[in-house]
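What the coordinates show
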Amino acid sequence: MLWFEGPASLTGEDVAEFQVHGGRAIAEALAAELGSVCGCRPGEAGEFTRRAVENGKFDLTFRRKPSPIWLQPKPRLSAARPCGNMTEL
């Protein structure tokens, strides 16, 4: 879980972000459990942008420009290498 405390967060409010395994069942189970325990709910489409605009943290004229190539992350060489001979397993 990542905790972003307002007013320093992007929306200007306290925000909790959960980063879980990409499986749909796990994300849905976590959302159901949090909803039953503390009344939390997933954000709706566009909700974070709306809240940021309402709290003066973001305006609709802002447009993100792509980073220059020299500031973009470098690819990891190890990710491109084969894992070895699979027949040895």
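Just above, that's the structure.
Residues numbered from 1 in each chain as written. Predicted model: local features only at pLDDT ≥ 70, side-chain atom pairs only at ≥ 80, totals over all residues. Heavy atoms only, no water.

Across its full length, the protein chain holds three helices and two strands. Counting only contacts in the protein chain whose residues sit at least 6 apart along the sequence, the fraction spanning at least 24 positions is 31%. Per element, the accessible surface of the protein chain, about 8,200 Å² overall, is 59% carbon and sulfur. (Helix = DSSP H or I, 4+ residues; strand = E, 2+ residues; numbered from the N terminus. Contact = heavy atoms within 4.5 Å. Areas by Shrake-Rupley, 256 points an atom, 1.4 Å probe, with all protein chains shown as cover.)

Once that is clear, we can look at unusual backbone geometry. Looking along the chain, the bond that leaves Gly 6 and enters Pro 7 is cis, with omega of 0°. Within the fold, Pro 7 resides in the loop between strand S1 (2-4) and strand S2 (15-17).

The subject of this paragraph is the pattern of salt bridges. One pass over the structure, following the stated rule, counts four salt bridges. Here Glu 28 makes a salt bridge to Arg 24, at a shortest N to O gap of 2.9 Å. Residue Glu 28 and its partner Arg 24 are located together in helix H1 (residues 24-38), separated by four residues, close to a single helical turn. Overall, the relative accessible area of 67% leaves Arg 24 in the exposed class. Connected via shared salt-bridge partners are Glu 13, Glu 47 and Arg 51. (Salt bridge = Lys/Arg side-chain N within 4 Å of Asp/Glu carboxyl O. Buried < 20%, exposed > 50% of the residue type's maximum accessible area, 1.4 Å probe, protein only.)

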